Amino acid sequence: MIARVRVIAVPAALVVAALLPALIPHPFVLTLATQAMVWALLAASWDLLSGYTGQVSFGHAGFFALGAYAAATATKHADLSPWLGLVFAALVAALVGGLAGFPALRLRGHYLALVTLGLAEIVRLVAQNWLELTGGPFGIHDYRTFPGLPAAPLAHRQARYVIVVAIVAASVVAMRALCERTPAGKAFRAIREDEVLAEMLGIRTTVYKLLAFVVSSAFAGLAGALYAYDVQLVSPSVASAATTSFVIGMAVFGGLGTVWGPVLGALLLFGLSEGLRFIGVVYNLIAVGLVIMIFVVFVPRGLAGGRRTA
Amino acid sequence: MGKEVTQPARLAVSELTKRFGGLRAVSGCSFEVEAGSVVGLIGPNGSGKTTVFDLITRLLRADGGRVLHDGERIDDLSTHEIARRGIGRTFQAVRLFRALPVRENLAIAAMGRGVRDWEGRADAWLERLGLMGLVDASAGSLSVGQQRLLELAMNLVIEPTLLLLDEPLAGVHPVVRRQIAETIRELRGRGRTFLIIEHHMPFVMSLCDKIVVMDHGEKIAEGPPAAIRADERVIAALLGQGRARDDA
Amino acid sequence: MLESLAEFAIQGIVLGGLYALFAVGLTLIFGVLDVINVAHGEFFAIGGYLAFAAIVVLHWPGAAGVAGAAVGTFVLGLGVYPLLLAPLKRRLGARPRGPLYLVLTLGLSTFLQSSLLAAAGGDYLRVPPYAGGVLDLSFTAVSHQRLLVLVVSIVLLGGLFLFLRFHREGLAVRAVAQNPDAAQAMGINLPRVFALTLALGVGLAGAGGALMAPLFNVYPTVGFPLTIKAFAITILGGMGNLAGALVASFLISLAEAFSVMLIPSEWQNAIAFAVMIVMLLLRPSGLLGGGGRR
């Protein structure tokens, strides 16, 4: 039953997403839809590391922010093409993610979460205080977005949406393939379930953990870059713990260890959260907190209903 | 070693020592496991048997001594490198990827050792051990006996050179016990080598070519089952289990 | 120079009292329940709000307000174990605890923080000092309010240590921290001890929030930076090690206080994180070694 829902729902959702600009040609809806896609990528990247590999990161806001700042500053100060900016952002985040992964080779569970939380907080402090580069508390703005887009506002939004959807979809498919169709994916699951046993069976757990860190942070950085080129403003608040909390909420909501579950969770939770803004700005995060608590305790498999839980 | 004609032992442990704080868990322990033999490692609880396994597989780092596999030192390798040399191990408390299906447990075991074309062998073992109908069940949902069999099967799909079994019969139904004993006997016939920790004496006595007895971290006896059965120190150590430290 | 050194030292010690109050509670919870309470800072904030409600809105005297806030957070804390942690524990059964508890308390943190925002708004609420005046030490002056924070922190922590050392329930808490299975076999009611420990830990945070209200003001996210700092402190002191947490609180607070001589003050908050990461790389078991029970 669940498998059938998956088979039908995912392609259907993708088709609807791809057609959205034609179905609802409205700038506000497109803006929200673009952002939802960015969140989906971030949630999927978190799931690869934390849901699949079991290395819980509380620092994805940091990788996201790193990517966003790397893209925005490189384009603003070095006039880097936004296309290369995407790659640059992913590389910067991957590099820092790899460095953060080193303690992870020795640390388990609690410690890792705490280190990554500290890392995100350091990113936030740097963003806030390195005025020349980051613009400080007010953030960085006035930089280019993707070149060659139509000038008319609506067409411009539509084109931007299509670009983001394409990149997000390709990234999610790539991550899913890595997790489901390669030896690395098996190693990720083995590490999550029992690291000692994995090692005992000949799996180089340190290498695969590092790989999960690098890939996950690279895609988180890519999501950050998409955010930067779409929103055209990056401020230190993107590195806040609320961002991480939001992402984890999405992943838990959708279903850990499935990659596509968190994508679904992100789209729904972002939609819910934006809907709640009409009632009052504060209610969206209350909902996020509630979703995390209820789903962790009572619906551990999330909406995706996957067999595997972290 | 020079150019000796004799084959080096499959596994040779010499002067192995491990301290935990002030306690000597394993102390100057030496023995050999000849290729194609089944060696039993027995002794009271807390005598250091499992620690020896942990030292051989490098889950623990020895404070002294050497471990040789086919004449090559393996005590400076890491756990996964040792595994890739074809050394398999089971655990006293069964270790499996409990949330994952049986089939995937086997796939990971084969992947970890870099073994290809394992499916046929896996199917044969699953059939043989009566797990064929359970390939899609999660490992954690199996009975204790089935879990022990799966743990064994995960080590068999890779055609190991040496298998370390830590209490393979603990908590297992007599029918499954017989199944495990038969499997070991058959594999020995095909030249596989075993080192087995086990408390179930009839099993040890009937199956093993040689028995190594440990007490308080030291080897106190070594020899064929008949000799071990008659050894007074062994009897004293095994009977004295009640007063032995129960710290393992 | 010497005078400013002394001044920084005093600032550091006062801040250390607060950190200790906060981090010892967090460590106690971790030591007994094996759960890191990511929502600890939100209970600090709740303490502040309760103090504001009692003192500014209801015009209670300061002491009664602080006591009321501590008791209020304690009572709230009593619900956390049975309502949130116990159901997750039941679901996971014998499986390793894993980091899901962290995710769960992160959810609680987000929920409480945004609920406070919804209920009280994002404004900084001011609470008048509980003690006016300053203590003149000739080279520097310390406000009575700061001294009060330090003294009350010491009294509360002393009380906690006495409770754990001599009271029947305190002994049960320590027994569970040592070995939950053995404690249960001895007839100790585990769920009760877990609930009580969690309430005690967050009660201390609530007391801290109420005490600091006149100095920090009160707003929904007031506690979160403290939570992250307290993580650094617990790691420095060794996870689950109460005495270690106490020592580490003062080490971090003094390092922060003296750091202003060397680095710009806006980087002060990074010290704790840097210490945390360095410690985790070099000596994960904490300064006093041994560390937690596993």
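Residues numbered from 1 in each chain as written. Chains lettered and ligands numbered in written order. Predicted model: local features only at pLDDT ≥ 70, side-chain atom pairs only at ≥ 80, totals over all residues. Heavy atoms only, no water.

Novice: Even after reading the chapter, I still don't get the overall build of chain A, so can you show me in this structure?
Specialist: A tally of helices and strands in chain A yields 13 helices and two strands. Here the C-alpha radius of gyration of chain A, 19 Å, is about what a compact globule of 310 residues would show, namely 19 Å. Counting only C-alpha atoms and orienting by the principal axes, one finds that chain A spans roughly 60 × 45 × 35 Å. Taken across its 310 residues, chain A has 61% of its residues classed as buried. Excluding contacts between residues fewer than 6 apart, the proportion of contacts in chain A whose partners are at least 24 apart in sequence is 77%. For chain A, the computed accessible surface area is about 11300 Å², with 72% contributed by carbon and sulfur atoms. Side-chain charges of chain A comprise 20 positive and 12 negative groups, with the mean position of each set lying 9 Å from the other. (Helix = DSSP H or I, 4+ residues; strand = E, 2+ residues; numbered from the N terminus. Rg over C-alpha atoms; globule rule 2.2 N^0.38 Å. Buried < 20%, exposed > 50% of the residue type's maximum accessible area, 1.4 Å probe, protein only. Contact = heavy atoms within 4.5 Å. Areas by Shrake-Rupley, 256 points an atom, 1.4 Å probe, with all protein chains shown as cover. Lys, Arg positive; Asp, Glu negative; His and termini not counted. Charge placed at Lys NZ, Arg CZ, Asp CG, Glu CD.)

Novice: Explain the interface of chain C and chain A to me, please; I cannot follow it from the model alone.
Specialist: For an interface, size is often stated in terms of accessible area lost upon the parts coming together. Each partner contributes to the interface: chain C provides 38 residues, whereas chain A provides 39 residues. Together chain C and chain A conceal approximately 3600 Å² of surface at their shared face, both sides included; 80% is due to carbon and sulfur atoms. In this assembly, chain C and chain A are joined by zero salt bridges. Where chain C packs against chain A, one counts five residue pairs in polar contact (both at pLDDT 80 or more). (Buried area = accessible area lost by both parts, 1.4 Å probe. Salt bridge = Lys/Arg side-chain N within 4 Å of Asp/Glu carboxyl O. Polar contact = N/O pair within 3.5 Å; in protein donor to acceptor, adjacent residues only side chain to side chain.)

Novice: Is there a simple way to think about the environment of Ala218 of chain A in this case?
Specialist: Residue and element names in this part refer to chain A. Its location among the elements puts Ala218 in helix 10 (residues 205-231). In this structure Ala218 comes out as buried when scored by relative accessible area, which is 16%. Put simply, Ala218 and Ala93 are 125 residues apart on the chain and 5.2 Å apart in space, counted from C-alpha to C-alpha. Not counting residues up to four positions away in its chain, the partners in contact with Ala218 are Ala90, Ala93 and Ala94.

Novice: Sorry if this is basic, but what is going on with the interface of chain B and chain A here?
Specialist: At the junction of the two partners, chain B supplies 23 residues and chain A supplies 19 residues. A combined buried area of about 2000 Å² lies between chain B and chain A, and 70% of that area is made up of carbon and sulfur atoms. The largest per-residue losses of area from chain B upon contact with chain A belong to His80, Phe97 and Met111 of chain B, which jointly make up 29% of the total buried on that side. If you look at where chain B meets chain A, you find two salt bridges. Arg189 of chain A is the partner of Glu104 of chain B in a salt bridge, and the nearest nitrogen-oxygen pair spans 2.4 Å. Counting the contacts that link chain B with chain A gives seven residue pairs in polar contact (both at pLDDT 80 or more). Elements supplying a minimum of two residues to the side of chain B that touches chain A: helix 2 (79-84) and helix 3 (102-112) of chain B.

Novice: Would you explain the packing of aromatic side chains in this entry?
Specialist: Here a ring pair, both rings aromatic, is described through the centre-centre distance and the interplanar angle of the planes. Scanning the model with the defined rule gives twelve aromatic pairs over all chains in all. Here the aromatic rings of Trp83 of chain A and Phe146 of chain A are separated by 4.8 Å at their centres, their planes lie at 35 degrees, and the arrangement is tilted. A residue pair is termed long-range when its members are at least 10 positions apart, and Trp83 of chain A in helix 4 (residues 82-106) and Phe146 of chain A in the loop between strand 1 (140-141) and helix 7 (153-181) qualify at 63 residues. A relative accessible area of 38% means that Trp83 of chain A is categorised as partly exposed. Members of the aromatic cluster, each reached through a chain of ring pairs, are Trp39, Phe64, Tyr227 and Phe246 of chain A. The side chain of Arg95 of chain B reaches across the aromatic face of Phe91 of chain B, ending 5.2 Å from its centre. (Phe/Tyr/Trp six-rings, centres within 6.5 Å; stacked < 30°, edge-to-face > 60°. Lys NZ or Arg CZ within 6 Å of the ring centre and 35° of its normal.)

Novice: Please clarify how the pairing of strand 4 (residues 64-69) of chain B should be interpreted in this entry.
Specialist: When a strand is regular, its side chains alternate between the sheet's two faces. Residue and element names in this part refer to chain B. Across five bridges, the pairing between strand 1 (residues 11-20) and strand 4 is antiparallel. What sits directly across from Thr17, in strand 4, is Gly64. In this structure, strand 4 lies alongside strand 5 (residues 72-73), joined through two bridges in antiparallel fashion. Pairing of Leu68 across the sheet is with Arg73, part of strand 5. Between the end of strand 4 and the start of strand 5, which pair antiparallel, lie two residues, with Asp70 showing a positive phi angle near 50 degrees. (Pairing = 2+ DSSP bridges.)

Novice: It is not clear to me how the side chain of Thr27 of chain C should be interpreted in this structure. Could you clarify?
Specialist: All names here are of chain C. Here Thr27 is to be found in helix 1 (residues 2-33). Note on Thr27: relative accessible area 0%, which makes it buried. Those residues in contact with Thr27 that lie beyond four places of it in its chain are Thr234, Gly240, Asn241, Leu242 and Ala245.

Novice: Help me out: how do you make sense of the environment of Leu264 of chain A in this one?
Specialist: All names here are of chain A. Relative to the helices and strands, Leu264 is located in helix 12 (residues 260-277). Since its relative accessible area comes to 28%, Leu264 is described here as partly exposed. Taking the C-alpha atoms as reference points, Leu264 and Gly254, separated by ten residues in sequence, lie 5.7 Å from one another.

Novice: Sorry if this is basic, but what is going on with the nonpolar core here?
Specialist: A general feature of soluble globular proteins is that nonpolar side chains tend to end up buried together. One finds Phe58, Leu226 and Val234 of chain A together with Leu33 and Phe43 of chain C to be the most contacted residues of the largest nonpolar core, which totals 191 residues. The dominant element in this core, judged by the number of residues it contributes, is helix 2 (residues 27-52) of chain A, at 16 residues. With sequence-adjacent residues up to four places away left out, Phe43 of chain C is seen in contact with Asn37, Thr73, Leu76, Gly77, Val80, Leu108, Leu112, Val202, Ala205 and Gly206 of chain C. Within the second largest apolar cluster, 62 residues are counted, among which are Trp118, Ala122, Leu152 and Met205 of chain B. (Core = buried A, V, L, I, M, F, W, Y, C linked by side-chain atoms within 4.5 Å.)

Novice: Is there a simple way to think about the environment of His141 of chain A in this case?
Specialist: All names here are of chain A. Mapped onto the elements of the fold, His141 is located in strand 1. Assessed through its relative accessible area of 36%, His141 is described here as partly exposed. Along the chain, His141 and Ile122 lie 19 residues apart, while their C-alpha atoms are 21 Å from each other. Apart from residues lying up to four places away in sequence, His141 is in contact with Lys76, Gln232 and Leu233. A polar contact is formed between the side chain of His141 and the side chain of Asp142, at a distance of 3.3 Å.

Novice: Looking at this structure, I do not really get the sheet that holds strand 3 (residues 38-42) of chain B. What am I missing?
Specialist: Pairing between the strands of a sheet is mediated by backbone hydrogen bonds and can be parallel or antiparallel. Residues and elements named next belong to chain B. In space, the six strands of this open sheet follow the order 6-7-8-3-9-10, with mixed pairing throughout. Looking along the sheet, the strands with just one partner apiece sit at the ends: strand 6 (87-89) and strand 10 (218-223). Averaged over all adjacent pairs, the angle separating strand axes in this sheet is 15 degrees, with direction ignored. Here strand 7 (residues 162-166) pairs with strand 8 (residues 193-197) via five bridges, running parallel. When the bridges of strand 8 are listed, Leu165 appears paired with Ile196. Strands in contact with helix 6 (residues 174-189) are strand 3, strand 7 and strand 8; relative to strand 8, the strand with the most contacts, it is inclined by about 150 degrees. Helix 9 (residues 232-239) rests against strand 3, strand 9 (210-215) and strand 10 of the sheet, and its axis sits at about 130 degrees to strand 10. (Axes fitted to C-alpha atoms, helices over the stretch in contact; angles between N-to-C directions.)

Novice: When you look at the sheet that holds strand 4 of chain B in this model, what are you seeing that I'm missing?
Specialist: Residues and elements named next belong to chain B. Pairing is antiparallel across the open sheet formed by four strands, whose spatial order is 2-1-4-5. In the strand order of this sheet, the two ends are held by strand 2 (23-33) and strand 5, each with one partner. Both strand 1 and strand 2 contribute to a ladder of seven bridges, which runs antiparallel. Among the inter-strand pairings, Phe20 is bridged to a residue of strand 2, identified as Leu23. Along the sheet face, helix 1 (residues 49-56) touches strand 1, strand 2 and strand 4 and points at about 110 degrees away from the line of strand 1.

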